[in-house]
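The residues making up each chain are set out below.
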Amino acid sequence: MKRLIIDVTDGDYAVTRLDPGTPVHPAVFGSPGLVSVTSTPDEVSVVAPTGRGPAGGRTEDGWRVLTVRGPLEFTLTGIMASLAGSLAAAGVSLFAVSTFDTDHILVHDADLTRAVAALRSAGHEVHPASD
């Protein structure tokens, strides 16, 4: 696996679970930073900066986002496996979000220091947030 450059994003994030088919208010998409909405037959999951996500669901706060600098070609393999494996070996759980251009890993704020150390130990370059 080639060395990845990973940026720790400023600010705290929340993950919210809504009932299936629940609409997400358009204002959520105006939030600064990463906003991701995934809909399946069983749920709607929303990742957004803390306090900017939808109301009315089950929300878990206290996440930090690590973003792989992209864009990444679809032909690249093993990116998520490398990141997840390094974090798993360090005992850090994750919530992953992929976009067309790149991958984002959310880790609990309490695990951020350990996550950064694990990724650096695996040979990746990690840039801290400015906050």
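Asker: What am I meant to see in the overall build of the chain here?
Answerer: Across its full length, the chain carries two helices and eight strands. In the chain, the order of α-helices and β-strands from amino to carboxyl end is β-β-β-β-β-α-β-β-α-β. At 15 Å, the chain has a C-alpha radius of gyration in line with the 14 Å of a compact globule built from 131 residues. A principal-axis box enclosing the C-alpha atoms of the chain has dimensions of 40 × 30 × 25 Å. When contacts within the chain are restricted to residue pairs at least 6 apart in sequence, long-range pairs at least 24 apart make up 70% of them. Summed over its atoms, the accessible surface of the chain is roughly 7,100 Å², and 54% of this surface lies on carbon and sulfur atoms. Placing the 9 positive and 15 negative side-chain charges of the chain at their respective mean positions leaves the two points 5 Å apart.

Asker: Looking at this structure, I do not really get the environment of Leu106. What am I missing?
Answerer: By secondary structure assignment, the location of Leu106 is in strand S7 (residues 103-108). Relative accessible area serves as the criterion here: at 0%, Leu106 is assigned to the buried category. Separated by 88 residues in the primary sequence, Leu106 and Leu18 place their C-alpha atoms 19 Å from one another. The contact partners of Leu106, leaving out residues within four places of it in the chain, are Tyr13, Val15, Val47, Trp63, Arg64, Val65, Ser93, Leu94, Phe95 and Val97.

Asker: Before we go on, may I ask you to explain helix H1 (residues 79-89) in this structure?
Answerer: Given 3.6 residues per helical turn, the α-helix brings residues three or four places apart onto the same face. What H1 keeps buried is the set Ile79, Ser82, Leu83, Ser86 and Leu87. Looking straight down H1, one finds its buried side chains confined to an arc of 120°; they lie on one side. Opposite the buried face of H1, by more than 90 degrees, sit the exposed residues Ala81, Ala88 and Ala89. Buried residues along H1 sit against strand S1 (5-8), strand S5 (58-68), S7 and helix H2 (112-121).

Asker: What is the right way to look at the nonpolar core in this model?
Answerer: Soluble globular proteins tend to bury their nonpolar side chains together. Of all hydrophobic cores here, the largest spans 18 residues; its most connected members are Ile6, Leu66, Leu83, Leu87, Val107 and Leu119. With five residues, H2 is the single largest residue contributor to this core. Listed in part, the eight residues of the second largest apolar core include Leu34, Trp63, Val97 and Leu106.

Asker: Whenever I open this one, the pairing of strand S4 (residues 44-49) confuses me. Can you help?
Answerer: On a regular strand, one side chain projects to one face of the sheet and the next to the other, so that they alternate. In terms of residue burial, S4 counts as a mostly covered element, since six of its six residues are buried. Examined bridge by bridge, strand S2 (residues 13-18) and S4 share six bridges and lie antiparallel to one another. Across the sheet, the residue bridging to Tyr13 is Pro49, located in S4. The pairing of strand S3 (residues 36-39) with S4 spans four bridges and is classified as antiparallel. Across the sheet, the residue bridging to Val37 is Val46, located in S4.

What counts and what doesn't
- Counting of residues starts from 1 at the beginning of each chain's written sequence and follows it residue by residue.
- Predicted model: local features are reported for residues with pLDDT of at least 70 only, side-chain atom pairs are reported and counted for 80 or more only, and whole-chain, interface and lining totals are derived from all residues.
- The side-chain values count all of the structure's non-hydrogen atoms but skip hydrogen atoms and water molecules.
- Per the convention used, a helix needs a DSSP run of H or I reaching at least four residues, while a strand needs a run of E reaching at least two, with both numbered from the N terminus.
- Each radius of gyration reported is based on C-alpha atoms, and the globular scaling rule is 2.2 Å times the count of residues to the power 0.38.
- For this analysis, residues touch if any pair of their heavy atoms sits within 4.5 Å.
- Per-residue and other accessible areas follow the Shrake-Rupley method at a 1.4 Å probe size, with only the shown protein chains counted as cover for residues.
- Counted as positive: Lys and Arg. Counted as negative: Asp and Glu, with His and the chain ends omitted from the count.
- Lys charges are placed at NZ, Arg charges at CZ, Asp charges at CG and Glu charges at CD.
- Note on classification: 1.4 Å probe, protein chains only; a residue is buried when its accessible area is under 20% of the maximum for its type, exposed when over 50%, partly exposed between these limits.
- The directions from the helix axis to the C-beta atoms form the arc being described.
- The definition of a nonpolar core used throughout is a set of buried Ala, Val, Leu, Ile, Met, Phe, Trp, Tyr and Cys residues joined through side-chain atoms within 4.5 Å.
- We treat two strands as partners when DSSP finds at least two bridges between them.

Read these as spatial facts, not as claims about activity.
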